[in-house]
Every structure is written in structure tokens, then in C-alpha cells.
Amino acid sequence: MSYTTPRTVLVVGSTGSIGTPTIREALAQGFQVRALIRDAGRAAHIPAGAEPVVGDLTRAETLADAVDGVDAVIFTHGSHGGRGQAEIVDYGAVRNTLLALDGRPARLALMTAVGTTDRATEGHDWKRRAERLVRASGNPYTIVRPGWFDYNAPDERCIVMRQGDTQSTASPADGVIARDQIARVLVDSLRSDAADHKTLELVAGKGAAQEDLTATFAALERDDGPDGALDKDNMPLAAEPVPVVDDLDQIRN
Ligand SMILES: NC(=O)c1ccc[n+]([C@@H]2O[C@H](COP(=O)([O-])OP(=O)(O)OC[C@H]3O[C@@H](n4cnc5c(N)ncnc54)[C@H](OP(=O)(O)O)[C@@H]3O)[C@@H](O)[C@H]2O)c1
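Just so we're clear, the structure is a prediction, and the values are computed from it rather than from any experiment. (Residues numbered from 1 in each chain as written. Predicted model: local features only at pLDDT ≥ 70, side-chain atom pairs only at ≥ 80, totals over all residues. Heavy atoms only, no water.)

Asker: Kindly report on the site of the ligand, identifying the contributing residues and their values.
Answerer: Around the ligand, 23 residues are found, and the nearest of them are T15, S17, R38, R42 and F149. Side-chain polar atom of T15 to an oxygen atom of the ligand: 2.4 Å apart, as the coordinates give it. Within the side chain of H80, an N or O atom sits 2.9 Å from an oxygen atom of the ligand. For the ligand, whose unbound accessible area comes to 920 Å², protein coverage reaches 77%. (Near = heavy atom within 4 Å. Polar contact = N/O pair within 3.5 Å; in protein donor to acceptor, adjacent residues only side chain to side chain. Areas by Shrake-Rupley, 256 points an atom, 1.4 Å probe, with all protein chains shown as cover.)

Quick look at the structure:
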């Protein structure tokens, strides 16, 4: 299926270490860029050329202006621990943005993390639940699980996409990737039919970056269910908390 190429993208997590290069990359690729910020004082952190919009990603009712007229959303937000933060921020931002879209179609790109399906790592279940909302939304999407940010050597720029989320040692041994390359993959995915309905772990190998990622996306297996195509089946929907199941039902309808 071929989708209309999106033109206006909302970046969630716009002030973050991936959000900022994502805005720059999207502007360089010719998108109109809207940047979600918590308060007007954060507008100074947004690269010139993007339009800051104030909203609270923890409250869907504050996101109407942010999603108005967008045809794509890139999620780069994330919490850093703290009681309940993964649910409120990592999961909540995706839930609330999808609720604010209220069924209007949008191309989605969601960043989570390598090891998201490792249930022993605190907070990862909420990233995975956010992924499930994206898959359930009925929108075209790409889910990118990066390895460790900027731990790559200068000659490690070849973009490698893995599936199955099999490496989870909570160390750079799980893979490394430059922040600017995460931004590029997220933005490139919006224009790529080959990237649609794909979930991937993103790391770097030795060598130069590919000029075009179509073949790299195309080599991946397409998702067909609540989790990534090759993910382990270790979080059954039947055992999920009732509010999470309710959110999935609401996003599906
Ligand atoms: N570091 C790594 O190697 C690595 C690897 C893979 C995945 N990750 C994941 O990447 C995610 C992002 O990491 P990062 O280093 O890019 O983080 P960051 O620079 O701190 O950016 C986080 C973004 O989320 C927003 N945010 C966080 N809490 C919020 C809240 N309560 N309300 C509104 N906005 C909130 C921040 O907004 P403000 O600027 O307003 O705070 C910021 O825009 C993390 O969840 C991490 O698990 C990290």
C-alpha cells in the first residue's frame, strides 16, 4: 500500500537529545515541523524554522493545537526513571497524542529502546505498551529501538537494522548508534513504504552510512500482531492491566 507522503510533522520530545536533531533533519528534508514543548519558555530550545506549540504530553486535552493539521508524528520523548514516570511519560505521551488525533490518520515514527521486550528492565513494559498502541492505531508506522546513543566509533556509520530484540545486557554491547543517525532513520521512515509496519533495533556497523535506506527497511519482516514481527511472546495481552487493555480498545476504535 502506498500512502500520501506527509508534509507536516509533530515532534514529541522536541527539546530532547534526539528530538532536536530530529527537528533539524525534518527541516532539512523539507517538512513543516511543529515542536511540542511543555511551556513557552522552552521555545528558545527549538531550532529555527520549527513552530513551537505548547502542550502537556501527560494530558490529552492539552494537545489539540499540537496535532491540528499534522499528517505525521515522530515520538522521541522519554523519561529517566522515577516512580511512575515510564507510565506517565513514555506511555502517556503516545496514548495522549493518539487520543488527541481522535482517529485522524497520521504517519507515525516511535523511538523506544533496544531491550524494550526485556521485562526485567524497569520501565520497559511501558515503552512496549506504547509500541502496542502505535501498532493498534491503524496508522502506517515505524518503531525504532535504538542502541546506546553516540557510543559508536567514528568509522561506525553503517546503519544496521535488527529484529527480535535479542540483545539486552543493558550495556553498549547491545549495540551503539549516533544520535544524528537515529534522527535520520526516524525522518526517512515517514516517506518510506518499505518502513511501514516495521519494528527494528537500530545500531551501527563499521563502514559508511547508506545513501538510501529503502533496501535496509525492505529487508525487515512486517509486524502482524501486537508486538514486533520477531519479538518474544513474553507479555500476553490476557495478563495486561485492565486500563492498558481499555486504552488499546479506545485507540483501535
Ligand atoms: N541514552 C541512550 O543510550 C538510549 C538508548 C536507547 C533509548 N534511549 C531512550 O531514549 C529516551 C530519550 O532519551 P534522551 O536522552 O533523548 O532524553 P532527553 O534528552 O532528556 O529528552 C527527553 C524528552 O522528553 C521530554 N520529557 C521528559 N519527561 C517529560 C514530562 N514529564 N513532560 C513533558 N516532557 C517530558 C523532555 O522534555 P523537557 O526538555 O521539557 O524535559 C525531552 O524533550 C529515554 O527514555 C531512553 O530510555 C536512550
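Asker: Provide a residue-level description of the packing of aromatic side chains, including the pertinent values.
Answerer: Evaluated as defined, the whole model comprises two aromatic pairs. Here the aromatic rings of W148 and Y151 are separated by 5.5 Å at their centres, their planes lie at 90°, and the arrangement is edge-to-face. Positioned over the ring face of W126 is R129, at 4.4 Å from the centre of the ring. (Phe/Tyr/Trp six-rings, centres within 6.5 Å; stacked < 30°, edge-to-face > 60°. Lys NZ or Arg CZ within 6 Å of the ring centre and 35° of its normal.)

Asker: Can you tell me about the sheet that holds strand β3 (residues 51–54), naming the residues and giving the values?
Answerer: Read across the open sheet, the eight strands follow the order β3-β2-β1-β4-β5-β6-β10-β8; overall the sheet is mixed. Of all strands in the sheet, those with a lone pairing partner are β3 and β8 (158–162), marking the two edges. Put simply, the sheet's adjacent strands are angled 25° from each other on average, direction ignored. Bridge count between strand β6 (residues 141–146) and strand β10 (residues 198–205): five bridges; the pairing is parallel. Looking at the pairing, R145 lines up with E201 of β10. Contacts between helix α4 (residues 124–136) and the sheet are confined to β5 (107–111), β6 and β10, with β6 contributing the most and set at about 160° to the helix. (Pairing = 2+ DSSP bridges. Helix = DSSP H or I, 4+ residues; strand = E, 2+ residues; numbered from the N terminus. Axes fitted to C-alpha atoms, helices over the stretch in contact; angles between N-to-C directions. Contact = heavy atoms within 4.5 Å.)

Asker: Could you give me a rundown of empty space enclosed by the protein, with the residues and numbers involved?
Answerer: Over the atoms, a rolling probe the size of a water molecule traces out where space has been left empty. Per the counting criterion, the structure on display carries one cavity of 30 Å³ or more. Every residue lining the largest cavity is listed: H77, D90, L110, M111, T112, K127 and A130. Here the residues of the lining of the largest cavity are counted per class, giving three nonpolar, two polar and two charged. (1 Å grid on protein atoms, 1.4 Å probe; cavity = no way out; pocket = protein on both sides within 12 Å on 5 of 7 lines; lining within 4 Å. Points joined across faces, edges and corners; volume = space filled by probe spheres on them. Nonpolar A, V, L, I, M, F, W, Y, C, P; charged D, E, K, R; others polar.)

Asker: A description of the pairing of β10 should follow, citing residues and the corresponding values.
Answerer: The element β10 is largely enclosed, with a buried count of eight among its eight residues. The two faces of β10 match: K198, L200, L202 and A204 on one face and T199, E201, V203 and G205 on the other face are all buried. Of the strand pairs in this sheet, β8 and β10 are connected by five bridges, and their pairing is antiparallel. The residue bridging C158 from the neighbouring strand is G205, located in β10. (Buried < 20%, exposed > 50% of the residue type's maximum accessible area, 1.4 Å probe, protein only.)

Asker: Outline the pattern of salt bridges, listing residues and values.
Answerer: A full pass over the atoms with the stated rule returns 21 salt bridges. One salt bridge connects R135 with D223, and the closest N-O pair in it is separated by 3.3 Å. Here the residue R135 occupies a position in helix α4, and D223 occupies one in the loop between α6 (214–218) and α7 (242–252), the gap between them amounting to 88 residues. Among the residues examined, R135 registers a relative accessible area of 9% and is labelled buried. In the salt-bridge network here, residues are joined through shared partners; they are E131, R135, R145, E201, D223 and D231. (Salt bridge = Lys/Arg side-chain N within 4 Å of Asp/Glu carboxyl O.)

Asker: Tell me about α7, and name the residues and values.
Answerer: Considered for burial, the residues of α7 that qualify are V244, D247, L248 and I251. Along α7, the residues classed as buried sweep out an arc of 100° about the axis, all on the same side. Opposite its buried face, α7 presents the exposed residues V242 and P243, each directed more than 90 degrees away. Tucked into the core, α7 has its buried residues touching α3 (85–101) and α4. (Arc of directions from axis to C-beta.)

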